[in-house]
Amino acid sequence: MILRRHPLATTYASRVTSPPGAIRTHDRTVAARCADLVVDAVVRLARLVGALVTRAAARLPGPGVAGTGSRGWGLLTRALHLRPDVLTKPSSLGMRRLAITGIAVNVFIVASGGLVRLTKSGLGCPTWPRCTRDSLLPAPETDIPLSRMLIEFGNRTLTFALLLVAVLVFVAALHLRTERPDLVRLAVIQPLGVVSQALLGGVTVLTGLHPASVGAHYLLSVLVLVACVALHIRAIEGDRPPRRTLPSRSYLLATLLPLAGFLLLAAGTVVTGAGPHAGDESAPRYVFLGVDTVATTAKVHSALMWLTVLGVAGLLVLARRAGRLVVVRRTYVLIAVILVQGAIGYVQYFTGVPEQLVLLHVLGSALFWVALLYVRFAARDRGPAERVPGDALTTPEVQPVRSGA
Ligand code: HEM
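A quick note: this is a predicted structure, and the numbers were derived from the prediction, not measured.

The rules behind the values
Residue numbers here run from 1 along each chain, matching the order of that chain's written sequence. The model is predicted, so local features are restricted to residues of pLDDT at least 70 and side-chain atom pairs to those at 80 or more, both for listing and for counting; the totals for chains, interfaces and linings are taken over all residues. In this text, helices come from DSSP runs of H or I with a minimum length of four residues, and strands from runs of E with a minimum of two, each type numbered from the N-terminal end. As a rule, residues whose C-beta atom has 12 or fewer other C-beta atoms within 10 Å are exposed, those with 20 or more are buried, and those in between are partly exposed; C-beta atoms are placed from the backbone. To define a nonpolar core, we join buried Ala, Val, Leu, Ile, Met, Phe, Trp, Tyr and Cys residues through C-beta atoms within 7 Å and take the resulting set. Residue ranges for the domains originate in an automatic or database domain assignment. Contacts are defined on C-beta atoms placed from the backbone: any two residues whose C-beta positions lie within 7 Å are in contact. To get an axis, fit a line to the C-alpha atoms, keeping to the stretch in contact for a helix; angles then go from 0 to 180 degrees between the N-to-C directions. In these notes the angle categories are as follows: under 35 degrees is roughly parallel, over 145 is roughly antiparallel, 65 to 115 is roughly perpendicular, and the rest is oblique. Here a crossing is called left-handed whenever its near helix is offset anticlockwise from the far helix by less than a right angle, and right-handed whenever the offset is clockwise. Each residue is assigned to one class: nonpolar for Ala, Val, Leu, Ile, Met, Phe, Trp, Tyr, Cys and Pro, charged for Asp, Glu, Lys and Arg, and polar for all the others, Gly among them. Any residue whose backbone-placed C-beta atom lies within 6 Å of a molecule or strand is treated as near that molecule or strand.

*Asks:* Sorry, what's going on with the overall build of the protein chain here?
*Replies:* Regarding its fold elements, the protein chain presents 12 helices and 4 strands. Classification of the 405 residues of the protein chain by burial places 41% in the buried group.

Quick look at the structure:
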């Protein structure tokens, strides 16, 4: 089979082949061919998925909506403020909106995972990938309340919604691959993230909700959110070489902040792993400091928050001094999120971690992370997105963005 050389494959292949003397000529050819094969397979698969989605949408009953002839698809795209042909002819605006949708659903899934834990439904489906030993769907079991089963099963089903959005994001990015290969590289992380989360979810159930697995499940979402936010940022900016927007000290601070933020989140998962909301009464708990485990880990967790606050305050001062309005504005948003999140944290700690507050705290943690990432990305710049009049991707609402590189 002769495979067309894909532009993305060229990029991958040149990356693979570029280090001087690192790879022999024979290996280089093999690597380039492999890259070709992989990229070509992915492109074909994505096209197939795109065609299937469009065909499925067209089969839905009801009067047509411009572009697809489907009411369901039209409702979905209208709800997301997207053109119906966003998959086959994504505009820059459509790509940005899909990227934001990716962020929103990933934040939502973090909160829905929290809901499963707080309703003690973590083992509502006691096995994986089936819900019960004999059934893929919830079935009345002797000792598991049906409500817990439905909540856990509902959360598993949400995976498909998340996957659908991830595939839509990826398919749209693929259509811009020639102009903006970066978008494809970032977008592919979303479907891969969903699949990894589904597998890790299985490990979590099969280990009886071990806190390390529950924590890893949460932190994987945090990492996927990095790719989601990066995709949105790349979709709204140009393609000039990245340059710092802050003096080197402030830039370093902005770079260290996500590390502190990640430690803060990781410490939060340890508090949760020691706390009362395990997701099921039978789940193992962290007890490495005996009865003091919750209190001590919560202190470390809040100390990390104060460390992050110090860093954020320092960055605000430096960014104001440097006159970097974008950084300043985003830092104010981050400070507002931290204030609310920190207040919820203290109140829940001193009131015996009531479920409703914990749920808000989980949601707030994802919003905190997103706000922090936007601050970090404001510390570098790749120029404004170029406007190209008459671009084939033009939408009625906005002129498209094309790469300058
Ligand atoms: C920006 C500030 C904060 C962030 C981003 C944050 C984030 C988190 C995260 C990610 C978790 C784990 C959620 C999970 O595994 O489902 C958590 C749990 C927790 N956090 Fe925070 N937190 C913050 C501030 C605080 C503060 C100031 C306190 C006060 C001591 C606090 C108390 C707790 C407690 C008690 C838990 C365990 C709740 C449970 O049992 O599920 N947090 N936090």
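Now that the structure has been shown, we can carry on.
*Asks:* Hey, could you run me through the nonpolar core in this one?
*Replies:* Note on soluble globular proteins: their nonpolar side chains tend to be buried together. The biggest cluster of nonpolar side chains holds 83 residues, and the ones touching the most others in it are Val169 and Ala173. Among the elements that take part in this core, helix H12 (residues 355-377) stands out by supplying 13 residues, more than any other. Both domains that meet at this core, namely domain 2 (80-242) and domain 3 (245-381), each give it at least three residues. The contact partners of Val169, leaving out residues within four places of it in the chain, are Leu98, Ala99, Gly102, Ala187 and Gln190.

*Asks:* Sorry, what's going on with the packing of helix H5 (residues 146-175) against helix H7 (residues 189-206) here?
*Replies:* Between two packed helices, both the angle of their axes relative to each other and the distance between the axes serve to describe the pair. Viewed as axis vectors pointing N to C, H5 and H7 meet at an angle of 160 degrees, and their least axial separation amounts to 8 Å. Here H5 is positioned roughly antiparallel relative to H7, judged by the angle of their axes. H7 is crossed by H5, and the crossing has left-handed handedness. Taken together, the residues of H7 that come into contact with H5 (itself represented by Thr159, Leu162, Leu163, Ala166, Val167, Val169 and Phe170) are Gln190, Pro191, Val194 and Ala198. Across the contact of H5 with H7, the residue classes break down as 9 nonpolar, 2 polar and no charged.

*Asks:* Can you help me understand the site of the ligand in this one?
*Replies:* Surveying the vicinity of the ligand reveals 27 residues, the closest of which are Gly268, Thr272, Gly275, Gly345 and Ser365. When contributions to the shell around the ligand are tallied by element, the ones reaching two or more residues are helix H9 (248-274), helix H10 (293-322), helix H11 (325-350) and H12. Of the residues forming the shell around the ligand, the biggest block, 7 residues, is contributed by H11. Looking at side-chain class alone, the shell around the ligand contains 13 nonpolar, 14 polar and no charged residues.

*Asks:* Where do I start with the environment of Asp143 in this structure?
*Replies:* Residue position: Asp143 is located in the loop between helix H4 (92-118) and H5. Distance in space between the C-alpha atoms of Asp143 and Gly124 is 10.0 Å, their sequence separation being 19 residues.

*Asks:* I tried to follow the packing of H9 against H12 on my own but got confused; where do I start?
*Replies:* Contact geometry of H9 with H12 gives a least axis separation of 9 Å together with a crossing angle of 170 degrees. With respect to each other, H9 and H12 are oriented roughly antiparallel. Considering how the two elements wind past one another, H9 and H12 form a crossing that is left-handed. Each of Ala254, Thr255, Leu257, Pro258, Gly261, Leu265 and Gly268 in H9 lies in contact with H12, whose residues at this interface are Ser365, Trp369, Leu372, Leu373, Val375 and Arg376.

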